[in-house]
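Summary of structural features
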Amino acid sequence: MTAVVGARRRVTASELVLRYPALGPSCALLLAVVVFSLVTNTFLSLDNISLVVEQSLVVGTLALGQTLVILTAGIDLANAAIMVFGTLLMAKLAGAGGGLTALLAGILLCAAVGSISGVLVTSLRLPPFIVTLGMLTVVAASSRIFAAGQSFPVSNGLLNLLGQRFYLFGQIEITLGMLLGLAMFLFAWYALSRTAWGRHVYALGNDPEAARLTGIHVNRTLFSVYLLAGVIYGFAAWQAIGRIPNADPNAYQTGNLDSITAVVIGGTSLFGGRGGVLGTLVGALIVSVLRSGLTQAGIDELYQDVATGLLVIVAVALDQLARRRSR
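Read on for a plain summary of the structure. Keep in mind it's a predicted model, so treat the numbers as computed, not measured. (Residues numbered from 1 in each chain as written. Predicted model: local features only at pLDDT ≥ 70, side-chain atom pairs only at ≥ 80, totals over all residues. Heavy atoms only, no water.)

Assignment of secondary structure puts Leu77 in the loop between α5 (57-71) and α6 (79-95). Looking at Leu77, the relative accessible area reads 9%, which means it is buried. In this structure the C-alpha to C-alpha distance between Leu77 and Ala94, which are 17 residues apart in sequence, comes to 28 Å. (Helix = DSSP H or I, 4+ residues; strand = E, 2+ residues; numbered from the N terminus. Buried < 20%, exposed > 50% of the residue type's maximum accessible area, 1.4 Å probe, protein only.)

Pairing of strand β2 (residues 165-168) with strand β3 (residues 172-175), which is carried by four bridges, proceeds in the antiparallel orientation. When the sheet's bridge partners are listed, Arg165 is paired in β3 with Thr175. Linkage of β2 to β3, two consecutive antiparallel strands, is achieved through a turn of three residues, within which Phe169 is found at a positive phi near 60°. (Pairing = 2+ DSSP bridges.)

Our next topic: the pattern of salt bridges. Overall, the coordinates contain five salt bridges when judged by the stated rule. With its nearest N and O atoms 3.9 Å apart, the salt bridge here joins Arg243 to Glu54. In this pair, Arg243 sits in helix α12 (residues 218-243) while Glu54 sits in helix α4 (residues 46-55), placing the two residues 189 residues apart along the sequence. When its relative accessible area of 29% is taken as the criterion, Arg243 is described as partly exposed. Residue Glu54 is classed as buried on the basis of its relative accessible area, which comes to 7%. Of the charged contacts in the structure, one is a salt bridge between Asp305 and Arg291, with a shortest N-O distance of 2.9 Å. Note that Asp305 is positioned in helix α15 (residues 301-326) and Arg291 in helix α14 (residues 277-296), a separation of 14 residues in sequence. On the accessibility criterion, Asp305 (35% relative accessible area) is partly exposed. Because the salt bridges share partners, they merge into one network encompassing Glu54, Arg165, Glu173 and Arg243. (Salt bridge = Lys/Arg side-chain N within 4 Å of Asp/Glu carboxyl O.)

So, on to the packing of aromatic side chains. Geometry of an aromatic ring pair is reported as the spacing of the ring centres plus the angle between the planes. Taken as a whole and judged by the stated rule, the model has three aromatic pairs. Relative to Trp238, the ring of Phe235 lies with its centre 6.4 Å away and its plane at 40°, an arrangement referred to as tilted. Placement of the pair is Phe235 and Trp238 together in helix α12, with a separation of three residues, close to one helical turn. Here the basic side chain of Lys92 rests over the ring of Phe146, its NZ or CZ set 4.5 Å away from the ring centre. (Phe/Tyr/Trp six-rings, centres within 6.5 Å; stacked < 30°, edge-to-face > 60°. Lys NZ or Arg CZ within 6 Å of the ring centre and 35° of its normal.)

Okay, helix α3 (residues 23-39) next. In this model α3 runs 25 Å from its N-terminal to its C-terminal C-alpha over 17 residues, within 8% of the 24 Å that 1.5 Å per residue would give. If you check which residues of α3 are buried, you get Pro25, Leu29, Ala32 and Phe36. All buried residues of α3 fall inside an arc of 65° around its axis, so they share one side. With respect to the buried face of α3, the exposed residues turned more than 90 degrees away are Leu30, Leu31 and Leu38. On the buried face of α3, the contacting elements are α13 (255-265) and α14. (Expected span 1.5 Å × (residues − 1). Arc of directions from axis to C-beta. Contact = heavy atoms within 4.5 Å.)

Worth remembering: the numbers are spatial, not functional.
Written out as structure tokens, the structure reads:
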């Protein structure tokens, strides 16, 4: 009897994946780093590692906002377009002489567009895919109209601040944009894992009707997710200007798909309710490591896209398999 009570049930691989969504992506990231370190001579250098992290910065921040939306079983196809519109407004207002005003206006614009999507999803009960697809078209066209086909160089000190570089321990090059990105990921991790709001987001993604019956304000929580995602896109706009001091209406045209890729590879389920921002951070790094390593290995960019697409399909397939086995 004691032996029966004391026996522990063996945890299956699928249960382990569901319990720790970032575990698989972390192993994949480590494997990719090892492989590219062996097949190339320059991948593991400090300069290249710093560049890989910097290249993942903007898409990683977009993916952070995307993660919040996907956790509610939604999707945001307009996030990169919203960010680009934010960079254009910041650049144009900064040209008139107001750095702080330009920054705040850009973030508020992104928050406003995100909140509009939230209102359409919650009040009219429209599918997030349709809402954000429409917002993508509207915002992308509005950006081009606003810019009149031009790009705007940015020389304002505050807007360029996140591109400022310094060396950690005298060897590792980092930027203020990287530190801001890390701070936002930590904030989102805390909000999702340590607050009632975060528990409500997961509950909403798992089963909105059950969440409503337990007393959760479903529409209020869902709206807050789109609003917060919009604010994050505004900070991504600031990071983008810090990295490349030029606002271009044609920039980041595949940013929405790249952010979804990072989220899915990072272990967050497209069906909502499972995953987290730490996995998304790893997913963004995987995409950047994959592109950097394949480039240094002499692989054509088109084949890099093929490899990334296959990785997304595999990630979604594994998520589905793990869900089926856990039932």
